[in-house]
Amino acid sequence: MKRILKLILLLVVVAAWSCEENPSVSPIETGTVIDSEGNEYGTVKIGDQWWMAENLRTQKFRNGDIVRFIVASDSATWATAQSPLCCKYEDVSQTPGLLYNALCISDPRGIAPPGWHVATDEDWKKLEQTIGMTAA
């Protein structure tokens with residue numbers, strides 16, 4: 001009987017300890033950002049980096065120039081494009097946002113909202129390390 005009581009007491013102590021706030025965990029910071037077209041996106045701070053919490057869906061560069069839109073099934077145009085392009089995902093209801101080709105991403109007019117940039121490999125690596133992944 002004493003063993004059972006000790007076990008119950010131990011479980012209560014462990015449960016109480018695991019429910020305490022962890023002072024080393026920072027509160028989640030969120031915000032918003034607006035692109036050149038006027039679309040508003042939720043943002044979240046992870047470590048010391050700010051990330052958009054939604055897929056980009058603008059059809060305009062920062063300077064107001066239009067990004068040419070094509071139909072997703074037009075893979076021939078996408079594959080041979082000599083200019084910036086965007087298209088909708090095949091199933092928009094599942095993943096809202098647009099796809100952008102490499103020419104659009106690297107265009108000096110900038111597709112990301114003012115003050116933002118498309119995440120680089122270094123940005124992704126830093127995020128991965130922040131959430132506990134090991135460096136590859």
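Every residue gets a number counted from 1 within its own chain, in the order that chain's sequence is written. Where local features are concerned, this predicted model is filtered to residues with pLDDT of at least 70; where side-chain atom pairs are given and counted, the filter is 80 or more; whole-chain, interface and lining totals use all residues. In computing side-chain values, all of the structure's heavy atoms are included and hydrogens and water are not.

Each aromatic pair joins two rings of Phe, Tyr and Trp (for Trp, the six-membered one) with centres within 6.5 Å, and gets the label stacked for planes under 30 degrees apart, edge-to-face for over 60, and tilted for any other angle. For the coordinates displayed, the defined rule picks out one aromatic pair. Centroid distance Trp51 to Trp124: 4.8 Å. Interplanar angle 50°. Geometry classified as tilted. Of the two residues, Trp51 is situated in strand S3 (residues 49–52) and Trp124 in helix H4 (residues 121–130); the sequence distance between them amounts to 73 residues. Each helix is a run of H or I in the DSSP string that is no shorter than four residues. Each strand is a run of E no shorter than two, and both are numbered from the N terminus.

Judged by pairing direction, the sheet is mixed, and its three strands sit side by side in the order S4-S5-S6 without closing on themselves. Single-partner strands in this sheet number two, and they are strand S4 (68–69) and strand S6 (98–100). Across three bridges, the pairing between strand S5 (residues 85–88) and S6 is antiparallel. Looking at the pairing, Cys86 lines up with Tyr100 of S6. When DSSP finds at least two bridges between two strands, those strands are taken to pair.

With ten residues, the main nonpolar core is built from Val33, Tyr41, Leu56, Phe61, Val67, Cys86, Leu98, Tyr100, Cys104 and Ile111. Not counting residues within four places of it along the chain, the set of residues in contact with Val67 comprises Gln59, Lys60, Phe61, Pro84, Leu85, Cys86, Cys104 and Ile111. Side-chain atoms within 4.5 Å link the members of a nonpolar core, which is a set of buried Ala, Val, Leu, Ile, Met, Phe, Trp, Tyr and Cys residues. The buried label applies to any residue whose accessible area, calculated with a 1.4 Å probe on protein chains only, is under 20% of its type's maximum; exposed applies above 50%, and partly exposed to all values in between. Contacts were defined at the residue level, with two residues in contact if any of their heavy atoms lie within 4.5 Å.

The pLDDT value expresses, per residue, how confident the predictor is, ranging between 0 and 100. Residues of the protein chain with pLDDT of at least 70 account for 76%, and the chain-wide mean is 82. A low-confidence stretch, residues 1–20 stays under pLDDT 50, and its non-local contacts, those more than four residues away or across chains, total zero contacts.

Our next topic: the sheet that holds strand S2 (residues 40–46). The strand order S1-S2-S3 describes an open sheet built from three strands, whose pairing is antiparallel. Since the sheet does not close on itself, it has two edges, and those belong to strand S1 (29–34) and S3, each with one partner. Direction aside, the axes of adjacent strands within the sheet are offset by 35° on average. In this sheet, S2 lies alongside S1 in antiparallel orientation, the contact comprising six bridges. In the sheet register, Gly31 faces S2, and the bridge partner there is Thr43. Helix axes are fitted only over the stretch in contact, all axes being lines through C-alpha atoms; the angle between N-to-C directions runs from 0 to 180 degrees. The strands touched by H4 are S2 and S3; relative to S3, the strand with the most contacts, the crossing angle is about 105°.

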